[in-house]
Each structure stands twice: as C-alpha cells, then as structure tokens.
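For reference, the chains in residue letters:
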Amino acid sequence: MGRASGFNAVRVVAALLACLLMVGCTRTTLYSQLDEQQANELMAALLDAGIPAEKDPSPSKTGWEVMVNRGDIPYAMQVLNSRGLPRAQYRSLGEVFKKEGFASSALEEKARYLYGLSQELSRTLSRIDGVVEARVHIALPDRDPLGGNVQDSSASVLVFERPGQSLRDRETDIKVFVKDSVEGLDDVNKVTVKFFTVTAPPKVHQSGGPFAAVLGSIDLSAVIIGGAVLVLLAIAAFFLARLRSRFGASAEPVSNARSGVWNG
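Bear in mind the structure is a predicted one, so any value in this text is a computation, not a measurement. (Residues numbered from 1 in each chain as written. Predicted model: local features only at pLDDT ≥ 70, side-chain atom pairs only at ≥ 80, totals over all residues. Heavy atoms only, no water.)

A. Highlighting the sheet that holds strand S4 (residues 131-139). The strand order across the open sheet formed by three strands is S4-S5-S6, and the pairing between neighbours is mixed. Edge positions in the sheet fall to S4 and strand S6 (191-197), since each of these pairs with one other strand and no more. Strand-to-strand twist across the sheet, computed as the mean angle between neighbouring axes with direction ignored, equals 15°. Bridging between strand S5 (residues 154-161) and S6 involves seven bridges; their strand directions are parallel. Looking across to S6, one finds that Phe160 is bridged to Phe196. Its contacts with the sheet put helix H5 (residues 106-126) on S4 and S5, and the angle it makes with S4 is roughly 150°. (Pairing = 2+ DSSP bridges. Helix = DSSP H or I, 4+ residues; strand = E, 2+ residues; numbered from the N terminus. Axes fitted to C-alpha atoms, helices over the stretch in contact; angles between N-to-C directions. Contact = heavy atoms within 4.5 Å.)

B. Region of interest: the packing of H5 against helix H6 (residues 171-181). One can describe the packing of H5 onto H6 by two numbers: an axis separation of 11 Å at closest approach and a directional angle of 150°. As summarised for this structure, H5 and H6 are arranged roughly antiparallel, according to the angle between their axes. The interaxial crossing formed by H5 with H6 has right-handed handedness. Contacts between H5 and H6 pair Leu117, Leu121, Thr124 and Leu125 from the former with Ile174, Phe177, Val178 and Ser181 from the latter. Of the residues belonging to the contact of H5 with H6, the class tally is six nonpolar, two polar and no charged. (Parallel < 35°, antiparallel > 145°, perpendicular 65-115°, else oblique. Left-handed = near helix turned anticlockwise from the far one by under 90°. Nonpolar A, V, L, I, M, F, W, Y, C, P; charged D, E, K, R; others polar.)

C. Inspection of a nonpolar patch on the surface at higher detail. Together, Val231, Ile235, Phe238 and Phe239 give the surface a local cluster of nonpolar side chains, amounting to about 400 Å² of exposed area. In this structure, Val231 sits in helix H8 (residues 220-258). (Patch = residues over 30% accessible without salt bridge, like charges linked within 9 Å, V, L, I, M, F, W, Y side chains within 5 Å. Areas by Shrake-Rupley, 256 points an atom, 1.4 Å probe, with all protein chains shown as cover. Salt bridge = Lys/Arg side-chain N within 4 Å of Asp/Glu carboxyl O.)

D. Quick peek at the sheet that holds strand S1 (residues 27-34). One open sheet holds the three strands; their spatial order is S1-S3-S2, and the pairing between them is antiparallel. Every interior strand has two partners, whereas the edge strands, S1 and strand S2 (53-57), have only one. In this sheet, adjacent strand axes meet at a mean angle of 25° when their direction is disregarded. Alignment of S2 against strand S3 (residues 64-69), held across five bridges, turns out to be antiparallel. Along S3, the bridge assignment pairs Glu54 with Met67. Helix-sheet contacts for helix H2 (residues 36-48) involve S1, S2 and S3, and the interaxial angle to S2 is about 165°.

E. Seen up close, the nonpolar core. In this structure, Val157, Val159, Ile174 and Val178 are the most contacted members of the largest nonpolar core, which totals 20 residues. Of all the secondary-structure elements, those providing two or more residues to this core are H5, S4, S5, H6 and S6. Of all hydrophobic cores here, the second largest spans 17 residues; its members include Leu42, Leu46, Ala49 and Leu85. (Core = buried A, V, L, I, M, F, W, Y, C linked by side-chain atoms within 4.5 Å. Buried < 20%, exposed > 50% of the residue type's maximum accessible area, 1.4 Å probe, protein only.)

F. Broad picture of unusual backbone geometry. In this structure, Pro86 follows Leu85 across a cis peptide bond, with omega equal to -10°. Positive phi outside glycine occurs at Gln33, with the angle close to 55°. On the secondary structure map, Gln33 appears in strand S1. In this structure, Lys61 takes a positive phi of about 65° despite not being glycine. Taking the relative accessible area as the measure of exposure, Lys61 reaches 75% and is therefore exposed.

G. Representation of the packing of aromatic side chains. Within this structure, the stated rule accounts for one aromatic pair. Summarising the aromatic geometry, the rings of Phe160 and Phe196 are spaced 5.7 Å apart at their centres and angled 25° between planes, so their arrangement reads as stacked. One end of the pair, Phe160, is in strand S5; the other, Phe196, is in strand S6, with 36 residues separating them in the sequence. Take Phe160: its relative accessible area is 26%, and that puts it in the partly exposed class. Its guanidinium or amino end placed over the ring of Trp64, Lys55 lies 4.6 Å from that ring's centre, counting from NZ or CZ. (Phe/Tyr/Trp six-rings, centres within 6.5 Å; stacked < 30°, edge-to-face > 60°. Lys NZ or Arg CZ within 6 Å of the ring centre and 35° of its normal.)

Below you can see the structure in the form of structure tokens.
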C-alpha cells in the first residue's frame, strides 16, 4: 500500500514538474502588427543573437507578431534597440500633403513641406548599411519679397551608427546628398553631420548545447514559485502515504478479529 501510494505521488510530482517547465517556457509577444519585412528583420536579428523567436500572424489579423521566451525579453530588447529595430516609419511627401479639409495657410504648408522633406531624407539615409537611425533637420528661411538679405538655408544631420562602422568616411557624400536634395541650400558647408555610435549589448554565450539554451529560456520567477509548490505537494503526498499505510495496518487486525480468525 505504501509503495503504491509513493509511486503515485512520484507520478503526480513528475507531471506537475513537466507542466512547470511548459509554463516557464511560455512565449510572450514582443511586437505585434508588424508588416512582414519588419517581422523578418526582427527575426533575423534575434536569431543572430542566439535568442529563440517565432513569427506568427497577429491575433487582430493585422500584420505579424514576433514572440520570444519571457526570460529573453530584456536581452531581446537590447539587441533590437542597438540595431534600430523595428525601423521607424517615415512619411512620404505624398502622405504629408494629402489634402484634407480646408486650404492651409502658407505657414502650415511650409511646415508640412519641411517635415515631409526631412522624413524623405531620413528614410534614405537610414537605408545606408551600418546606419541604425538618421535624423535630418532643415532650416529654410523665408525669401524677402523686396530682395533684401536673406539668411542662408542650412541642414543638420544626426547619424546613429552601429559599433565598428566607418561611416565618418562618408561624411562628404552625406553632405552633398542633403545639399542637392534641399532647394535653396547651395553651400555644402551649411550642412553639418554628427555621428553617434549606438552601444551594443553584451554578447551572451550559451555553453552546453541545446539543453543549456532551453534552461536559459525558462522564466526564473515561474520556476521558483512552481518549485515551492512542488515541494509542498511532495511533503503532503509523503505524509498522506504514511497516514494511509498506518491506518491500513491498524485496520487489518480488527478485521481479522471480527471474522473469528486467530493469527497467534
């Protein structure tokens, strides 16, 4: 009786432990409602960093979602931020100047033009290999209708690059590109370019093969809580088995005495 109860308790504990491991490895959505190109870029970056990831259609039926293990979320966010992913969504001039409602004032039209132009330039620069993100700010003074002196147009470019890149060697190319893209900007020296290196997250080395990778993906908090529950259940199962064996042993002589059988 005691052996059977102990065996059953072991089976229950093993089943609970398996459930615990499944809960600890539960996937959590990192980003959702992404287009397929964005989702593929995130998947490539995460897998390259050794982070198990999955891509599935979003539950809202709009775009895709990328999922990782709960324990991998902090490192996954560091990896994606260091690579500027998911990429910023830039608006084109056509989207900025989409006619809606009444006619805009000249000041509003100029603001929209500068915003749309800076978006177009930022999007183009961000496609350069090694660029995490690019920002372009344009200063375009109003022309004096009387022909007086007008301040020259200028532009400021911020380039956030990945570690180990040599984009500073392309500073002149960037200046010429911006100058030729902005009407009224005739002097390349009026374009300033500043470079900033994005800090890369520390490389995580997983030793021990696939088994170690699985253990590293388990949510630690779930393991601690589940482990405590398993210990309590194991203690309860042990005492329950002891009680069953004790009561079973004490009930057997009484039964024999009532039946008139003498075991002496």
